[in-house]
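# What the coordinates show
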Amino acid sequence: MAKELLSVQPYKGTRDFYPEDMDLRNWFFGVIKDTLRKFNYREYDGPMLESYDLYAAKSGEEIVNEQTYHFEDNGGRMLAVRPEMTPTVARMVAAKLGSLNMPLRWFSIPNLYRYEKPQRGRLREHWQVNVDMFGSDSIETDFEILLVASNLLKAFKADETMYCIKINNRRFYNDLFEQYMGFDKEKSRKVSKAIDKKGKMSAESFNDYLADLGLNEEEISKLNSFFTKSFEEMMELCPESQGTKELVELFKLIKAANLENVCEFDFSIIRGFDYYTGTVFEVYDKDINNNRAMFGGGRYDNLINLFVDKANVSGIGFGFGDVTLENFLVSHNLIPELKSNMPKVLITRFPEIPYIEYLKLGELLRDNNISATVYTDSKKLAKQMKYAADEKYDYAIILGEDELKNNTVVLKDLSIGENMTIARGELVNKILNK
């Protein structure tokens, strides 16, 4: 009977990261971290496992009921593998609330898991950049978050033709539905779920969905008119709403900062999570082949109250996954040739030369910030050179009997195929000052 072999494929919806994949991931995580640190955001992290109750309390129903990996541990506790990071950071802030200096500017890049159907831009496992500010409820804070989101894309050389930021406000939405439409909170909540899915439906299916929720023809007609009215017309429908005032002030800042070409009001932006309370936004790729929401976020002013009663700590932030970012960079040809700043050198070897001589040479190079590898097998020089070329080394060093006797080496510049014999004492300077 033939032995049954294990599959070499990773679990569905997850990925293997080979060295070249890690090069890409480390590059764009590096760009992200450098950009966020310019705004004085500090990095944090939390545990992969959290109490299931943490997500049941405030995450959207779809995530909790359908997408969360959860289990009961040996102690009878219900745990979840984190599907998002915002509840974790809220818990962390609440734990040290009395000793933290507000406002906080924090970010993280956690590994997250959701049981959903794998598709373009969505996998079951991904890394997500989370950017949050706690302890400031000013409209300038909302604007800063939008500015940071825009600057992150600009750090990858994206311009205003490549993306747009669509903005709404949950307070405005709630007041509009209560005061103008006459909906109670439960009806507003149900309609918000329909609006959140509107982009994936035909107009007829959307209207049928609303009818199934109990809306009459007049209400459906009014609701549909919201998606075609101008920003000014929408603000006139509910002028006394706090959300209206916030939107008006926010767009004044957007105009003053010359961001109006990438920012626009869009009533269909609701965001599916239940914890959002004010400004909400989504960032869209304008490429016709990848025309979708890449990421989003918003204000969540009541999340800390899950842990500390009457905490009164405001929060706002956004998150985006590495998969959607990579799709954006690929679609707009924004990924450069990835190359280390450190010169890469292969030290070839001959069996008649003591191995310790090659080790000394490697240590000399590494001590001077040059990456160096001693070839470990006794193969012909031609095969060693082929290995150096295939692995994209910058240089190869040849140290044979004559070179050892004369205290020299042959340095081969693999980019141009040129050999030069130099004194060992000049080797470091020659590589670093090409």
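Shown above is the structure to which this text applies.
What this report covers is the structure whose coordinates are included nearby. (Residues numbered from 1 in each chain as written. Predicted model: local features only at pLDDT ≥ 70, side-chain atom pairs only at ≥ 80, totals over all residues. Heavy atoms only, no water.)

## Topic: the pairing of strand S7 (residues 125-134)
This is how the line gets drawn: Relative accessibility thresholds used throughout: buried, under 20% of the residue-type maximum; exposed, over 50%; partly exposed, between the two (1.4 Å probe, protein chains only). By the criteria applied, helices consist of DSSP H or I runs no shorter than four residues and strands consist of E runs no shorter than two, each listed in order from the N terminus. For two strands to be treated as a pair, DSSP must find at least two bridges joining them.
Among the ten residues of S7, ten are classified as buried, and the element is accordingly described as predominantly covered. With burial as the criterion, each face of S7 is covered, one bearing Glu125, Trp127, Val129, Val131 and Met133 and the other bearing His126, Gln128, Asn130, Asp132 and Phe134. Note: strand S5 (residues 104-108) against S7, five bridges, orientation antiparallel. Bridge pairing in S7 places Arg105 opposite Met133. With seven bridges connecting them, S7 and strand S12 (residues 315-321) associate as antiparallel partners. When the bridges of S12 are listed, Val129 appears paired with Phe320.

## Here's the deal with unusual backbone geometry
A cis geometry characterises the amide bond from Met102 onward to Pro103, with omega recorded as 0°. With respect to the helices and strands, Pro103 occurs in the loop between helix H4 (86-95) and S5. A positive phi angle is found at Asn333, which is not glycine, with a value near 55°. Of note, Asn333 is situated in the loop between helix H12 (322-331) and strand S13 (344-347).

## Quick look at the nonpolar core
As a reminder, the rule being used: The nonpolar core is taken to be a set of buried Ala, Val, Leu, Ile, Met, Phe, Trp, Tyr and Cys residues, with the residues joined through side-chain atoms within 4.5 Å. Whether two residues are in contact is decided by their heavy atoms, any of which lying within 4.5 Å being enough.
Core analysis: the largest hydrophobic core is formed by 67 residues, its most contacted members being Ile32, Tyr163, Ile167, Phe177, Leu223, Phe267 and Phe318. Here the element with the most residues in this core is helix H5 (residues 139-155); it accounts for eight residues. Among residues more than four places away in sequence, those in contact with Leu223 are Phe177, Met181, Val191, Ile195, Phe206, Leu210, Leu215 and Phe267. If you look at the next biggest cluster of nonpolar residues, it comprises 20 residues, including Ala90, Val93, Leu104 and Tyr284.

## Examining the pairing of S5
The buried fraction of S5 is high, at four of five residues. Two strands pair when backbone bridges link them, and strand S1 (residues 42-43) and S5 are joined in this way by two bridges, in the parallel orientation. Paired with Glu43 across the two strands is Phe107, which belongs to S5.

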